[in-house]
Amino acid sequence: MSFQNGFFHHNLQFSRSFTKKLNEQLAKVDLYHSQWSIVYYLSQFGCSTLVEISTYLDVEKPTVTRTVNRLEELELIEQVPGKDKRERRIQLSESGLRTYQEAKKVVEEFELQLMSGLAEEDREATLRTLIFLKEKLKQ
């Protein structure tokens, strides 16, 4: 098997398995990975527009809109008035901040379990490689 074929095949398989296992862990706090991605983004960047979130996550705006609507139903986010009435700005609610803290612990534990047995230098190399490849995809 050539490097390219093996790399992309394994990457796709890993991505699917990772998302499935992450969803299993996030179920402890009643979230899915797509919701966690937005909750995490808002915790890091604060009040944002749906366009900013969709750009950061590299997903279509309708996908973000559906997930944001669900987070709003769960009262984890709230709308914030903006200067432009057409622009929908959101931020984490108090409940959303608490859920973020709980989910962060779950995700950190999941990452620790997943990476256990991997040498620190391999962890760092993996992260550098992922960042490099992500940047290449943006070009």
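Residues numbered from 1 in each chain as written. Predicted model: local features only at pLDDT ≥ 70, side-chain atom pairs only at ≥ 80, totals over all residues. Heavy atoms only, no water.

(A) Representation of the packing of aromatic side chains in the model. Summed over all chains, the structure comprises 8 aromatic pairs. Residues tryptophan 36 and tyrosine 100 carry aromatic rings whose centres are separated by 5.7 Å and whose planes lie at 5° to one another, so their mutual orientation is stacked. With tryptophan 36 in helix α2 (residues 33-45) and tyrosine 100 in helix α5 (residues 94-115), this residue pair connects regions lying 64 residues apart in the sequence. You'll find tryptophan 36 and tyrosine 100 in the same group, each marked buried. Grouping aromatic residues by their ring pairs yields a cluster made of Phe14, Phe18 and Phe110. (Phe/Tyr/Trp six-rings, centres within 6.5 Å; stacked < 30°, edge-to-face > 60°. Helix = DSSP H or I, 4+ residues; strand = E, 2+ residues; numbered from the N terminus. Buried < 20%, exposed > 50% of the residue type's maximum accessible area, 1.4 Å probe, protein only.)

(B) The arrangement of the nonpolar core in detail. Judged by nonpolar contacts, the single largest core of 23 residues is most densely connected at Leu26, Leu31, Trp36 and Leu42. Of all the secondary-structure elements, those providing two or more residues to this core are α1 (3-26), α2, α3 (50-57), α4 (61-73), β3 (89-92) and α5. Here tryptophan 36 is in contact with Leu26, Leu31, Tyr100, Ala103, Lys104 and Val107, once residues within four sequence places are set aside. (Core = buried A, V, L, I, M, F, W, Y, C linked by side-chain atoms within 4.5 Å. Contact = heavy atoms within 4.5 Å.)

(C) A nonpolar patch on the surface, seen in detail. Together, Tyr40, Phe45 and Tyr56 make up an exposed nonpolar region whose accessible area comes to about 320 Å². As for its placement among the helices and strands, phenylalanine 45 is situated in helix α2. (Patch = residues over 30% accessible without salt bridge, like charges linked within 9 Å, V, L, I, M, F, W, Y side chains within 5 Å. Areas by Shrake-Rupley, 256 points an atom, 1.4 Å probe, with all protein chains shown as cover. Salt bridge = Lys/Arg side-chain N within 4 Å of Asp/Glu carboxyl O.)

(D) Inspection of the packing of α2 against α5 at higher detail. At their nearest, the axes of α2 and α5 sit 10 Å apart, and the two run at 110° to each other. By the angle class used here, α2 and α5 are roughly perpendicular. Here α2 and α5 pass one another in a crossing that is left-handed. Counted together, Trp36, Val39, Tyr40, Ser43 and Gln44 of α2 and Gly96, Tyr100, Ala103, Lys104 and Val107 of α5 form the full contact between these two elements. Residue classes in the contact of α2 with α5 are distributed as 6 nonpolar, 3 polar and 1 charged. (Axes fitted to C-alpha atoms, helices over the stretch in contact; angles between N-to-C directions. Parallel < 35°, antiparallel > 145°, perpendicular 65-115°, else oblique. Left-handed = near helix turned anticlockwise from the far one by under 90°. Nonpolar A, V, L, I, M, F, W, Y, C, P; charged D, E, K, R; others polar.)

None of the figures reported here should be taken as evidence of function without further support.
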